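A closer look at the structure
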Amino acid sequence: MSCSSRSFVVLFAFLFGTQAHAHEGEDHGGVPAVVEGDAVVVQADDFAAGKSEIRYFVKDGNGKMRELETPAGMKNPNLITGDKIRVKGHVHKGKPDAILLDEQVQGLGGTTGTATGSTAAAVSGTKTALAIITEFSDATVSGCTDTTVAASLFGPLPTTSVATYFDETSRGTVGITGNVIRVKLPRTMGTTCDSAAYSGWYNDATTEASKSISLAGFTHKIIVLPANLPCSWAGLGTIGGGRTWTKYCSNVRIYAHELGHNFTMHHSAKEGQAEYSDYSDVMGSALVPVNAPHSAQMGWTPATNILEVKSSGTYRITSLEVDSSAAITPQILKVFKEDTNEFLYFSLRSKLGKYGATLGTEYADRLNVHRFGSSAEPFTRLLGTYAGTQTFSSSGIGLTVTPMVLNGTTMDVQVTLSGTCIRRAPTLLVSSMPTVAPGQTGSVNVSVKNNDSYYCSSSTFSTAATISGVTVTRSASSLTIAPGASASYQISIATTTTTPVATYSGSTSVSDASVSGHAASASFGIIVKTPTTKGRGRYK
């Protein structure tokens, strides 16, 4: 990237309507900072160099943007734009617009985001985009008229456009419509990617556009800039949110790629190879329908067409390019890879549809295998494509998968899986002691997490609770919990008017009668105090 880290700070301030000031001469070293606000995550794509850059920011209630920086040994935040977060750290000396994190970012609710985006909300409905073609006194967006830009973005079939692309890859669940406006800024473009250039381009372009059209109501805004823009990136897109930038006015793939970031998708790459190296997905380097993990993530392959495999057998799958409503077998097989805490995705790809027809022979009519969901990185990774008697294997979970019979748009797949069940003691988390007056009833909540390994069956835990001097009842006598999942029960603690003032402690436990030692216990209690006469809810 030709832009420095500092220029990126200013870039993101510009992108989101905030000014970043250096505050020269002021000492900000070591100043503690706690900020609550909205996460902003932006991806810059340098396709020519095969690399990208991603930045994380928090935008507070006053619109102030601060970059989030992680110290050595700490993971990058697992965020998408729009997450409500609290960050705690220290302001850098001489860099007041950045916070060095002291601890992991705390989520406060809002959009669900992860580093992989694997739990992001499904994407559907009509998206409205405004493309602002931005020109300068010394630089124009050449080779594209407003009409050709509109055709690239919104043209109907048989046009190659962003609209027809997403209609096909989403199986008709996502529509793209919108408008195009051209603005001429009465100044030069400049020769650098510095803060003045970025903030000037953005502010002037949106100001000019707003004179002719209301910017409200557009879910996505696309800034189309001259091709000779003095920056190495081809496009920018927020991960989540709705803003993209490009300097290639007629490149449908780049438009679609950056909108893919808006939809919370990250990149697609081959295992061990450079970024963008997976040509079976627009988030790699080809204008073809998205791969299996991205289709599942976006909700474009419905859950009813995804089979989570936990045992050996022969499974028939239907091509990912077939409309889901016409598929009579699963279109995606998922196998959990417990040793790396991610899923393997198995799919058949076919040369079907306007965009599927351009799928490369490396992928078409072959079993495509991806991994996705690791907290270590947000990409989908292509592990390989297989045909004939070629076999994929993963020794960590005792898995082999072999494509057996290809019959047009279906394939029979032989799966051998020896996933091991390891039973582990559950974990109990008990809420704090309630305080009541004699004659009143208090309650505590007990959360139970099943810590068994993934390939175990669900466990049924019996609950128990004992305490002397008061009466206890449980909301559930047993809980059936899947591996990795949690459930809870409540303990009601009743006192009488003659119950002595004291602290009462007891024990609660869960146990699985079918597995020896598959149990856990924890303490709980209640505080009985005499109320004061000063007010309700106060105790001596």
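For the structure itself, look to the data block above.
The sections below set out a description of the structure shown in this document. Predicted, not measured: the structure shown is a model, and the values here were computed from it.

Quick look at the pattern of salt bridges now. Opposite charge on two side chains lets them pair, provided their charged atoms get close. This structure, assessed with the given rule, holds 17 salt bridges. We note a salt bridge from D38 to K84, for which the minimum N-O separation is 2.7 Å. Residue D38 is located in strand β1 (residues 31-46), and its partner K84 is located in strand β4 (residues 83-92); the two are separated by 46 residues in the primary sequence. Among the residues examined, D38 registers a relative accessible area of 28% and is labelled partly exposed. We classify K84 as partly exposed; its relative accessible area is 38%. A salt bridge links K270 to E362; its shortest N-O distance comes to 2.8 Å. Within this pair, whereas K270 is found in strand β12 (residues 268-270), its partner E362 is found in the loop between β16 (342-348) and β17 (367-372), the two being separated by 92 residues in sequence. Taking the relative accessible area as the measure of exposure, E362 reaches 36% and is therefore partly exposed. In this structure, a network of salt bridges that share partners links the residues E271, E342, R371, E377 and R381.

Let us now look at the nonpolar core. If you look at the biggest cluster of nonpolar residues, it comprises 32 residues, and the most contacted ones within it are V149, F166 and W300. Those elements that place two or more of their residues in this core are β7 (125-135), α2 (146-154), α3 (162-169), β8 (174-184), β9 (220-224) and α5 (252-262). Apart from residues lying up to four places away in sequence, V149 is in contact with A131, I133, C144, V180, C249 and Y255. V309, I332, Y345 and M411 belong to the second largest nonpolar core, which has 28 residues in total.

Turning next to the layout of surface pockets. Rolling a probe over the atoms, with the probe sized like a water molecule, indicates the empty space that remains. The computed volume of the second largest pocket comes to approximately 210 Å³. Lining the second largest pocket are 18 residues, and of these I54, Y56, N76, E377 and P378 sit closest to its centre. Ranked by the residues each element gives to the lining of the second largest pocket, the list is headed by strand β2 (residues 51-60), at 4 residues. Across the lining of the second largest pocket, the residue classes break down as 7 nonpolar, 7 polar and 4 charged.

Among the 11 residues of α5, 11 are classified as buried, and the element is accordingly described as predominantly covered. Buried within α5 we find V252, R253, I254, Y255, A256, H257, E258, L259, G260, H261 and N262. Next to the buried residues of α5 lie β1, α2, α3, β9, β10 (235-238) and β11 (243-246). A side-chain oxygen of the first residue of α5 lies 3.1 Å from the backbone nitrogen of R253; this N-cap is N251.

Rules used in this analysis
- Residues numbered from 1 in each chain as written.
- Predicted model: local features only at pLDDT ≥ 70, side-chain atom pairs only at ≥ 80, totals over all residues.
- Heavy atoms only, no water.
- Salt bridge = Lys/Arg side-chain N within 4 Å of Asp/Glu carboxyl O.
- Helix = DSSP H or I, 4+ residues; strand = E, 2+ residues; numbered from the N terminus.
- Buried < 20%, exposed > 50% of the residue type's maximum accessible area, 1.4 Å probe, protein only.
- Core = buried A, V, L, I, M, F, W, Y, C linked by side-chain atoms within 4.5 Å.
- Contact = heavy atoms within 4.5 Å.
- 1 Å grid on protein atoms, 1.4 Å probe; cavity = no way out; pocket = protein on both sides within 12 Å on 5 of 7 lines; lining within 4 Å.
- Points joined across faces, edges and corners; volume = space filled by probe spheres on them.
- Nonpolar A, V, L, I, M, F, W, Y, C, P; charged D, E, K, R; others polar.
- Polar contact = N/O pair within 3.5 Å; in protein donor to acceptor, adjacent residues only side chain to side chain.

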